[in-house]
Amino acid sequence: MLDVKNLSVVLSKRRVLHALNFTIRNGEVVGLLGPNGAGKSTLMRALSGQYPIEGAIKLDEHDLPSLSIAERARNLAYLPQTRIIGWPMRVRDVVALGRLPWRALGQRSSAADAEAVQHALDLMDVAHLADRTATELSGGEQARVLAARAVAQDTRLLIADEPASGLDPAHQIMMMEALRRIARQGRMVFVSLHDLTLAARWCDRVIMLKDGEIAGDGSPGLMMQPQRLAHVFGVRAHFALDTEGLILAPTGLIQR
Amino acid sequence: MRPALLNVGLTAIVLVAALLSLAVGPAGLGVTESVTGIVAGGSDVGAIILREIRLPRTILALAIGSTLGLSGAVLQGFLRNPLAEPGLIGVSGMASLGAVLLFYFGVAGSALYVLPAGALLGALIAVVLLLVLAARSNSTLTLILAGVALSSLAGALTSLVLSLSPNPFASYEIIFWLLGSLKDRSMEHVWLALPLMIAGWLLIALAGRAINALSLGEEAAATMGINLSRARTVIVLGVALSVGAATAVAGAIGFIGLMVPHLLRPFTSGMPRQLLLPSALGGGALLLVADTVCRVVLPASELNVGVVTALIGAPFFLWLVVRTRREVA
């Protein structure tokens with residue numbers, strides 16, 4: 001379980017996150033929603049140890065900020081929003097980078113490493129691209145390759161910053177399905193999204209962030225209410241329901 | 001290409017280039033005489049020429065070329081920037097400045113160790129400044145910017161010293177040194193520079209994991225168990241030690257650090273770490289050949305090797321850039 005207590009982040013003397021409290025339980029996909037600039041990426045970076053924080057973050061029995069860099073990487077994987085593949089590397093090699101925290105300096109990759117890499121490739125539907133050069137793939141394919149790298153890290157908690165943005169509809173659904181499957185293995189997934197329908201249908205719980213404060217935390221059905229969407233995003237939305245859940249389409253701005 | 005095959009091939013090229021380097025010179029000794037001269041020893045003129053003149057030159061060309069190739073490869077990987085090279089972070093510029101100042105004060109020739117010591121001191125100051133400036137942020141961009149600023153400053157100060165130079169002879173000495181040369185180097189130079197270069201190589205080798213992880217960006221690397229600030233310190237120190245020592249004994253030799261990693265990258269898997277050893281071997285081979293060419297083309301006055309690497313390097317590099325751009329487009 002991830003237990004966040006009174007988490008505040010101050011960047012360049014400006015308080016960006018204000019005393020946040022929330023938890024993520026084992027087996028849960030928790031969506032993070034909020035307008036641009038609400039602090040979603042800051043929260044994800046802070047959790048993954050990239051910013052100094054105030055407050056406490058506990059992951060299972062660990063006090064997260066006090067873990068060593070290597071130990072943290074064995075417990076928590078982070079998929080950045082900015083997708084970078086710096087050199088013309090093979091897809092399999094890119095995904096295998098996720099195994100770095102599990103190998104001592106100079107140690108060769110093991111059978112367990114190869115298995116984790118193959119599992120990640122399969123899960124993100126990029127196994128057929130394994131021997132291609134990653135930089136020559138389409139943007140959506142690269143996004144899945146990088147997601148597979150984070151999956152290969154094989155951690156208790158996976159934090160993904162907008163993993164579905166820029167993907168075609170089929171692969172957006174595939175990405176959410178993959179995250180759910182990871183969670184169902186008893187892990188925790190924390191994912192930021194802009195697509196309200198994706199959040200409503202695929203997340204077990206949704207946390208809404210506005211101006212660095214939590215503006216809602218609960219089941220998608222509870223969170224996706226006209227008043228709350230108006231307050232957090234400043235939009236009107238069309239609501240529909242089918243057998244698998246909510247469908248939301250923003251239809252207009254609310255004058256504030 | 002398989003990494004082992006590439007490394008074996010490059011090692012073979014290095015060996016051939018080293019033998020050629022030993023065999024070519026004004027004294028007209030062939031390959032066989034060169035090798036027997038070194039292995040068997042002896043006190044005849046041929047053996048002395050080989051041991052005292054050609055052998056140190058060959059060793060230095062190999063070691064300095066390797067240093068430049070290796071440093072270029074590690075910096076390109078670390079900064080995720082194909083334009084990175086040892087000159088970029090200001091270490092060679094500051095090393096040159098250190099040496100040039102000694103020329104200016106007329107003490108450069110007072111002892112064999114004075115000039116290299118000045119250059120090393122310059123390189124050291126560059127490292128301290130870089131680490132202090134870059135330590136404030138975790139960004140590699142800060143390091144590039146600080147390096148560029150340092151390079152410009154060193155270049156400006158070098159020009160200033162040159163224009164204030166007391167006599168034409170000192171200016172001539174400075175210019176000659178700035179062009180880079182391996183002429184008239186002795187085993188003392190080897191013993192002075194080689195240990196520092198090897199120390200630098202070992203540090204750079206420690207950074208292999210970090211530069212692999214950094215190919216997915218700093219955010220990803222930082223959450224993949226890589227201590228970025230330690231990686232930066234190790235790389236900057238390694239490059240500074242080895243390039244500082246190289247510049248100290250041979251002056252500024254350009255283009256190898258930029259060109260060799262580019263030339264060899266298509267033959268590797270693209271992982272930055274896999275480029276380190278091939279770049280070291282390729283840099284060594286290239287400088288050996290360039291230095292041999294210097295002796296052959298103008299035997300009487302001898303070209304500066306820095307001029308030759310730039311003359312071969314720049315057009316070739318341009319061709320390479322145009323070709324790869326066309327393939328991508």
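Cut-offs and rules
Residues numbered from 1 in each chain as written. Chains lettered and ligands numbered in written order. Predicted model: local features only at pLDDT ≥ 70, side-chain atom pairs only at ≥ 80, totals over all residues. Heavy atoms only, no water. Pairing = 2+ DSSP bridges. Helix = DSSP H or I, 4+ residues; strand = E, 2+ residues; numbered from the N terminus. Contact = heavy atoms within 4.5 Å. Axes fitted to C-alpha atoms, helices over the stretch in contact; angles between N-to-C directions. Phe/Tyr/Trp six-rings, centres within 6.5 Å; stacked < 30°, edge-to-face > 60°. Buried < 20%, exposed > 50% of the residue type's maximum accessible area, 1.4 Å probe, protein only. Parallel < 35°, antiparallel > 145°, perpendicular 65-115°, else oblique. Left-handed = near helix turned anticlockwise from the far one by under 90°. Salt bridge = Lys/Arg side-chain N within 4 Å of Asp/Glu carboxyl O. Buried area = accessible area lost by both parts, 1.4 Å probe. Polar contact = N/O pair within 3.5 Å; in protein donor to acceptor, adjacent residues only side chain to side chain. Core = buried A, V, L, I, M, F, W, Y, C linked by side-chain atoms within 4.5 Å. UniProt positions renumbered as here; feature names shortened; annotations may be inferred. Expected span 1.5 Å × (residues − 1).

1. Quick notes on the sheet that holds strand β2 (residues 14-24) of chain A
All names here are of chain A.
Then, in step 1: Taking strand neighbours across the sheet as the criterion, the four strands line up as β2-β1-β4-β5 in an open arrangement whose pairing is antiparallel. Each edge of the open sheet is held by one strand with a lone partner, namely β2 and β5 (62-63).
Then, in step 2: Where strand β4 (residues 54-59) lies against β5, two bridges are found, and the strand directions are antiparallel. Among the inter-strand pairings, K58 is bridged to a residue of β5, identified as D63.
Then, in step 3: Seen against the sheet, helix α1 (residues 40-47) touches β1 (2-11), β2 and β4 and runs at an angle of roughly 115 degrees to β1.

2. A short note on the packing of aromatic side chains
Then, in step 1: Applying the stated criterion across every chain yields a total of two aromatic pairs over all chains.
Then, in step 2: Ring plane angle 35 degrees and centroid distance 5.6 Å describe the contact between F22(A) and F190(A), whose orientation is recorded as tilted. With F22(A) in strand β2 and F190(A) in strand β8 (residues 188-192), this residue pair connects regions lying 168 residues apart in the sequence. Assigned by exposure class, F22(A) and F190(A) land together as buried.
Then, in step 3: Seen from their ring centres, Y104(B) and F105(B) are 5.1 Å apart, and the 80 degrees between their planes marks the pair as edge-to-face.
Then, in step 4: Taking relative accessible area as the criterion, F105(B) reaches 59% and is therefore assigned exposed.

3. Remarks on the packing of helix α4 (residues 91-104) of chain B against helix α6 (residues 140-163) of chain B
All names here are of chain B.
Then, in step 1: Direction vectors running N to C along α4 and α6 enclose 15 degrees, while the axes themselves pass 9 Å from each other. Between α4 and α6, the crossing angle belongs to the class labelled roughly parallel. The crossing of α4 and α6 is left-handed. Taking contact as the criterion, the partners of G93, M94, L97, V100, L101 and Y104 in α4 are, on α6, L150, A154, L157, T158 and V161.

4. With respect to the pattern of salt bridges
Residue and element names in this part refer to chain A.
Then, in step 1: Across all of its chains, the model carries 18 salt bridges over all chains by this definition.
Then, in step 2: For R205, the salt bridge goes to E28, with nearest N and O atoms at 3.0 Å. In this pair, R205 sits in strand β9 (residues 205-210) while E28 sits in the loop between β2 and β3 (29-33), placing the two residues 177 residues apart along the sequence. The two residues R205 and E28 agree in class, both being buried.

5. With respect to the sheet that holds strand β10 (residues 213-218) of chain A
Residues and elements named next belong to chain A.
Then, in step 1: Spatial ordering of the open sheet is given by β6-β7-β8-β3-β9-β10, a layout of six strands whose pairing is mixed. The open sheet has two edge strands, β6 (76-79) and β10, and neither has a second partner. Across the sheet, the mean angle from the axis of one strand to that of its neighbour is 15 degrees, orientation sign disregarded.
Then, in step 2: Here β3 pairs with β8 via four bridges, running parallel. What sits directly across from L32, in β8, is S192.
Then, in step 3: Against the sheet, helix α5 (residues 139-152) contacts β6 and β7 (157-161), and its axis sits at roughly 170 degrees relative to β6.
Then, in step 4: Against the sheet, helix α6 (residues 169-184) engages β3, β7 and β8, with an angle of about 155 degrees to β8.

6. Considerations on the interface of chain A and chain B
Accessible area lost on assembly of the parts is the figure often given for the size of an interface.
Then, in step 1: Across the boundary between the two partners, chain A contributes 31 residues, which contact 25 residues of chain B.
Then, in step 2: Counting each side, the surface lost to burial between chain A and chain B is near 2,300 Å², with a carbon and sulfur contribution of 64%.
Then, in step 3: When residues of chain A are sorted by the area they lose upon contact with chain B, I84(A), W87(A) and L100(A) head the list and together hold 31% of the total.
Then, in step 4: Summed over the shared surface of chain A and chain B, the result is one salt bridge.
Then, in step 5: Its salt-bridge partner being E219(B), residue R45(A) comes within 2.4 Å of it at the nearest N-O pair.
Then, in step 6: At the surface where chain A touches chain B, the tally comes to seven residue pairs in polar contact (both at pLDDT 80 or more).

7. As for the nonpolar core
Then, in step 1: Judged by nonpolar contacts, the single largest core of 149 residues is most densely connected at L33(A), V95(A), M124(A), M208(A), M224(A) and I64(B).
Then, in step 2: By residue number, the principal contributor to this core is helix α11 (residues 228-250) of chain B, which donates 12 residues.

8. Here's the deal with the packing of helix α12 (residues 256-264) of chain B against helix α13 (residues 276-297) of chain B
Residues and elements named next belong to chain B.
Then, in step 1: The N-to-C vectors of α12 and α13 enclose an angle of 120 degrees; their axes lie 9 Å apart at closest approach. With respect to their mutual orientation, α12 and α13 come out oblique. The two elements α12 and α13 meet at a crossing, and its hand is right-handed. Mapping the contact onto sequence places I256, M259, V260, P261 and L264 in α12 and P278, S279, G282, G283, L286 and L287 in α13.

9. Remarks on the UniProt feature "domain: ABC transporter" (unreviewed entry) in chain A
Then, in step 1: In the numbering used here, UniProt assigns the feature "domain: ABC transporter" (unreviewed entry) to residues 2-236 of chain A.
Then, in step 2: Structurally, residues 2-236 of chain A is divided into 35% helix and 26% strand, and its ends, taken at the C-alpha atoms, are 33 Å apart.

10. Points about the pairing of β10(A)
Residues and elements named next belong to chain A.
Then, in step 1: With five bridges joining them, β9 and β10 adopt antiparallel strand pairing. Opposite I207, over in β10, you have D217 as the bridge partner.
Then, in step 2: Counting the residues in the hairpin turn of β9 and β10 gives two residues, including D211, whose phi is positive at 50 degrees.

11. With respect to α13(B)
Then, in step 1: Its 22 residues give α13(B) an end-to-end C-alpha distance of 31 Å, which sits within 8% of 32 Å, the value for a rise of 1.5 Å per residue.
Then, in step 2: Where burial is concerned, most of α13(B) is hidden: 16 out of the 22 residues are buried.

12. Notes on the pairing of strand β12 (residues 245-253) of chain A
Then, in step 1: Pairing of strand β11 (residues 235-242) of chain A with β12(A) involves eight bridges; the strand directions are antiparallel. When the sheet's bridge partners are listed, H238(A) is paired in β12(A) with A249(A).

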